Amino acid sequence: MGAEAAGSGPALRELLREAETSLLECKVCFERFGHRQQRRPRNLSCGHVVCLACVAALAHPRTLALECPFCRRACRGCDTSDCLPVLHFLELLGSALRPGPAAPRAAPSAPGVLTCQHAFGGWGTLVNPTGLALCPKTGRVVVVHDGKRRVKVFDSGGGCAHQFGEKGDAAQDLRYPVDVTVTNDCHVVVTDAGDRSLKVFDFFGQIKLVLGGHFCLPWGVETTPQNGVLVTDAEAGSLHLLEVDFPEGVLRRTERLQAHLRHPRGVAVSWLTGAIAVLEHPLGPGACSSTTVKVFSASMQLIGQVDSFGLSLFFPSKITASAVAFDHQGNVVVADTSSPAVLCLGKPEEFPVLKPIITHGLSHPVALTFTKESSLLVLDSAAHSVKVYKACTC
């Protein structure tokens, strides 16, 4: 018995080595499968198994289409799934065959999980809202929506303070408002996809400036710390900086900061670093609802980017980013309509970092903004409301 037991040790180790080679190794890169995201085993639609890193390498960067390297059957990277038998086998074999701790790493300065404190708006008060902004001086919340008066201003408690921006075809009316920002001197700037213009109002709703003919399809809009206005042109694929004399209602200067973007929509600027984040929504067959977050430095150098497929390597479900913002620590935060959720991506130089901060209570988040007190306002279009989230203190 003793001799048999003594002999079983080497035999078992040899069996484990053979299992590791034949079952626990990706046959494309010959790296061992593991629990870390890049090494996780993924099922292709044909049944063959490769690691996530090889899925990413084999998939087309835009369409995510790929061919199985073994049987040549076509599939898509976003249609792969975890191979649970291999993962369970890794668990059974124990820590000796298991690589380091699971990814993703959490950003040290990333916000914690947030809880909903209250909500305001609701159907009738807001109708299919699309844009959200905060007045930096008064703290009032400005929302654009599909109501008779397109711009609605709420006080800090969620009560409707006033509204303006008539629905109509006149130059000063708003046909289809997409996004809104409030400047440092309390002017309200709205992108209107209906007549492809940018419209500037004072805080009480008096029209100050209409910029028509400057854009193919203005979409996202944001105020810079220097009181400039950033505008994305979704159709032209560009990002613009406008310098406006708001009290006089005069456009002083316009500069194209970026061209060759892929259908850019949302835009955000960090008041801590001056970095600018742009959310791209590529169009066309096979786009697979992919979105890309690109972050540029204040001098417009690309310092970080990540797309839906890259994020899916670190998150159990598909991610479709619908809005982007910076928190007060310079972390990039996105709204995800697929989960739905709100996710912190960390600082641009730390990409990819992913930490869910809101995972419950949202239906279709389309806009984000942080208050001075670090509360997060989320515009939930499906609920026709603004939801206020704060860090959990329990």
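Residues numbered from 1 in each chain as written. Predicted model: local features only at pLDDT ≥ 70, side-chain atom pairs only at ≥ 80, totals over all residues. Heavy atoms only, no water.

Draft legend 1. Highlighting the overall build of the chain. Tallying secondary structure elements over the chain gives 4 helices and 29 strands in all. Here the chain, with 394 residues, has 52% of them falling under the buried criterion. Restricting to contacts in the chain with at least 6 residues of sequence separation, those with at least 24 account for 46%. Within the structure as shown, the chain displays about 17700 Å² of accessible surface, and the carbon and sulfur contribution to it stands at 53%. (Helix = DSSP H or I, 4+ residues; strand = E, 2+ residues; numbered from the N terminus. Buried < 20%, exposed > 50% of the residue type's maximum accessible area, 1.4 Å probe, protein only. Contact = heavy atoms within 4.5 Å. Areas by Shrake-Rupley, 256 points an atom, 1.4 Å probe, with all protein chains shown as cover.)

Draft legend 2. Local environment of the sheet that holds strand 25 (residues 341-346). If you walk across this open sheet you meet the 4 strands as 23-24-25-26, and the pairing is antiparallel. In the strand order of this sheet, the two ends are held by strand 23 (321-326) and strand 26 (355-358), each with one partner. For this sheet, the mean angle separating the axes of adjacent strands, direction not counted, is 30°. Here 5 bridges tie strand 24 (residues 332-336) to strand 25, and the two strands are oriented antiparallel to one another. Note that in strand 25 the partner of V333 across the bridge is C344. (Pairing = 2+ DSSP bridges. Axes fitted to C-alpha atoms, helices over the stretch in contact; angles between N-to-C directions.)

Draft legend 3. Geometry of the nonpolar core. By size, the foremost hydrophobic cluster in this structure holds 19 residues, and its most contacted members are V293, V295, V324, F326, V332, V334 and L345. For this core, the secondary-structure elements that each account for two or more residues are strand 20 (276-280), strand 21 (292-296), strand 23, strand 24 and strand 25. Ignoring any residue separated from it by four or fewer positions in sequence, one finds L345 in contact with V293, V306, L311, V332, V334, F351, V353 and L354. Within the second largest apolar cluster, 18 residues are counted, among which are F33, L44, C51 and L66. (Core = buried A, V, L, I, M, F, W, Y, C linked by side-chain atoms within 4.5 Å.)

Draft legend 4. Seen up close, the side chain of S385. Residue placement: S385 occurs in strand 29 (residues 385-391). Taking the relative accessible area as the measure of exposure, S385 reaches 6% and is therefore buried. In this structure, S385 is in contact with F120, G122, L126, V378, L379 and D380, ignoring residues within four places of it in sequence.

Draft legend 5. Representation of the UniProt feature "repeat: NHL" (unreviewed entry) in the chain within the structure. In this numbering, the UniProt entry assigns the feature "repeat: NHL" (unreviewed entry) to residues 114-157, 161-204, 212-245 and 248-299. Across residues 212-245 one finds 0% helix and 59% strand; the C-alpha atoms that close the span lie 17 Å apart. (UniProt positions renumbered as here; feature names shortened; annotations may be inferred.)

Draft legend 6. Region of interest: the confidence of the model for the chain. When the pLDDT values of the chain are averaged, the result is 85; 85% of them are 70 or greater. In the model, residues 1-7 has pLDDT below 50 throughout and makes 0 contacts with residues more than four positions away in sequence or in other chains. For the stretch residues 95-108, pLDDT sits under 50, and the model shows 29 contacts to residues farther than four places along the chain or on other chains. (pLDDT = per-residue confidence, 0-100.)

Draft legend 7. Main features of the pairing of strand 22 (residues 302-307). Looking at chain direction, strand 21 and strand 22 are connected through 5 bridges and run antiparallel. Across the sheet, the residue bridging to V295 is G304, located in strand 22.

Draft legend 8. Expanded view of a nonpolar patch on the surface. Nonpolar side chains collect at one region of the surface, where V28, L58 and F70 lie side by side and expose about 210 Å² of accessible area between them. Note on placement: V28 falls in the loop between helix 1 (2-22) and strand 1 (41-43). (Patch = residues over 30% accessible without salt bridge, like charges linked within 9 Å, V, L, I, M, F, W, Y side chains within 5 Å. Salt bridge = Lys/Arg side-chain N within 4 Å of Asp/Glu carboxyl O.)

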